[in-house]
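A look at the structure
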Amino acid sequence: MAVSPRVFPPRKRWPSTGSSVSPKFADLNLVKSLLSLSQEISALKPIQCLLIQKSLSTINKSKLLAIVFEELLRNPVSTSFSPSILLCFEEMYIVFQRIKTLMEDCCSGSKMWLLMRIQPLANSFHELTLELSTLLDIFPVNELDLSQDVEELFVLVRKHCFQSKPSVDPRDDSLRRDVLALLHQIKKEIVPHHLKLKQILDNLGLRDQSSCREEIECLQDEIQNQIDEKSKLDIASLIGLLRYAKCVLFGSSTTQLEPDHRRRNSLSEIAVPADFRCPISLELMRDPVVVASGQTYDRESINQWIESGHNTCPKTGQTLAHTNLIPNRALRNLIAMWCRQQRVPFETVGSNEKVSGVKATKAAFEATKMTVYFLVNKLSVSPSMEAANAVTYELRALAKTDSDSRACIAEAGAIPILVRCLGSGVGSEHPNLQVNAVTTILNLSILEANKTRIMETDGALNGVIDVLRFGATWEAKGNAAATIFSLSGVHTYRKRLGRKTRVIKGLMDLAKDGPTNSKRDALVTILNLAGDRETVGRLVEGGVIETVIGVINVLPEEAVTILEAVVKRGGLVAIAEAYNSIKKLGVILREGSDTARESAAASLVTICRKGGLEVVAELAAVPSIERIIWEVMGTGTMRARRKAAVLLRILRRWSAGLDTNDVVDSSVMSVGALTTMLPA
């Protein structure tokens, strides 16, 4: 039985000489497989725009040889072929398999990158044709009982294969030189002429926004397929050129909005593996490091923990012998691989280096600058809100790509212009413009230097706060909350933001009334602000405990972690407010995730020890509470087990009529470790 070539998995890289394996089929089954493979090649369309003659000639040869194989199957000379014929058939199968793979890779890949590799690819077509020519030359065609017409076709194919030359179409070569010349101009900071750009893109079949966007995505995927560093750098330059050409030639469009790939909102819809989360921030680690206790944390979070004066491991409570941080490169590579599979942007804070490890080339950087200044200038003179919305969306998309883009956009003076698009008047008439503007500011804030620019730009912070409170859509409000989260990653800004009643009020309202994603944005921002003790008092006054109790069934991990932070730092007022949460914490202790149970146990210990006998009695009234605590002691995290043990001792001292305040928490773990979220 013939085996379809589809059993071979699709390849992402160009095929190598030894990439295929010889099939072990016998006699007519081998011919059937050859016929199937040659027909699949014949059904392929010629490569568009480039290598047209090479691909068309290859397809035509496959069609003619398919006729030969059909003749053999209709009139087999015998039940078996000679060893020499079988050997030729096996080698032909390998050549056809490689031809098919080469054709498919050329058709499905990036046209720009195909153009840059036009010479080696033309050579690959020529080499495969020569291999086929050699096989046809030694093939003992006289041993087969072919009709005269079919035998003449065989001879014709052999002749065409022999006449093949390793040449590149002059048109393709000229186009490649034009692209290289443009990149050289950009590298020298010379703005390319738009007519030349249009001519090149027309020749590549890139004639609108959509085709350019698809080509950029193909180039981004192609970077992941490259091993050679120079190839990665060349592709990065092509991406910069194409982004500039797309904006200059085709303007800005919002007809096909891409999903926003900012870090947390992308991750909010994906189940992040527990081992990839930082134990402090509960967020995906960007730069995992190992501390003296052997535990791994995100560098930004553990640095803040140590700089706050702590000398213990947040997870184990163990005193750290030293504060050296050792990069966990193996884990970082695993996280990067997972992010690539999930199509989640992965960028180390403060670094220009993406997951691919590609740094911006001079040409790519200058192309980015040209694109940014073109868009910012266009936004500053936009004649209508519709035009401003289209340009703002382009800036939003560009700001999420890399640190260079974020730096260029801010340096070009985009922030004050974007602030004008945040007002309630804009939101009521053009809600999409407001969303795009606040999301662009959010994406810009990921870069540490831009946090200062945003905080110091007149009206920027007030504009973001206004969107948080009165934004036209939930998306706008959620992105405003995420912007405040990002800005609060700087300690001084966290204190400043925590003093603003409007910020606290806006976050509370969003957490109460918003959809799930917006609630999460609000809660993680509240948790970040709760890292400052002074702010905790304002949060309690603003009703944070009532708010988190109200959403504890929807977002238990976030709600319980906030509750732990607040009761730890909020004093007796917070303890009294948390009284009504005891039963719900008991439910989380029984049914929650490991992280939620850990925070629930820690919260209950604090509430019971500081709240007095009445609070302990309320906990004791929770059905099967001792059995639940025993389960946590047996199956919870290390910290949850210790907290559960303390909780059990409190309950037993209460039942014996002893003072629960005499119970000493053996854990040196600070609840404050969970009160700071990972900065953007």
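You'll find the structure just up there.
My aim in this report is to walk through the structure given alongside it, one point at a time. (Residues numbered from 1 in each chain as written. Predicted model: local features only at pLDDT ≥ 70, side-chain atom pairs only at ≥ 80, totals over all residues. Heavy atoms only, no water.)

Things to note about the pattern of salt bridges
- Evaluation of the coordinates by the stated rule reveals 32 salt bridges.
- Among the salt bridges present, the one from Asp-202 reaches Arg-207, with a minimum N-O distance of 4.0 Å.
- Arg-207 sits in the exposed class, given a relative accessible area of 54%.
- Between Glu-564 and Arg-639 there is a salt bridge; the shortest N-O distance is 2.8 Å. Here Arg-639 lies in helix H34 (residues 638–655) and Glu-564 lies in helix H28 (residues 556–569), a separation of 75 residues in the sequence.
- For Glu-564, a relative accessible area of 1% corresponds to the buried category.
- On the basis of relative accessibility, which here comes to 2%, the residue Arg-639 falls in the buried class.
- Each of the salt bridges in this network shares a partner with another, and the network as a whole consists of Lys-495, Arg-499, Asp-532, Glu-534 and Arg-538. (Salt bridge = Lys/Arg side-chain N within 4 Å of Asp/Glu carboxyl O. Buried < 20%, exposed > 50% of the residue type's maximum accessible area, 1.4 Å probe, protein only. Helix = DSSP H or I, 4+ residues; strand = E, 2+ residues; numbered from the N terminus.)

Observations regarding helix H12 (residues 299–307)
- Where H12 is concerned, the buried positions are Ser-301, Ile-302, Gln-304, Trp-305 and Ile-306.
- As for H12, its buried residues are in contact with strand E1 (288–290), strand E2 (296–298) and helix H23 (491–498).
- Gly-309 lies just past H12 and shows a positive phi near 105°. (Contact = heavy atoms within 4.5 Å.)

Some words on the state of the cysteines
- Counting across every chain of the model gives zero disulfides.
- Looking at the unpaired Cys-212, the closest cysteine sulfur is the one in Cys-247, lying at 9.4 Å.
- Residue class for Cys-212 comes out buried when judged on its relative accessible area of 0%. (Disulfide = S-S within 2.5 Å.)

A closer look at the side chain of Thr-483
- Considering the arrangement of structural elements, one finds Thr-483 in helix H22 (residues 474–487).
- For Thr-483, a relative accessible area of 0% puts it in the buried group.
- Excluding anything up to four places from it in sequence, Thr-483 contacts Val-438, Ile-441, Leu-442 and Val-464.

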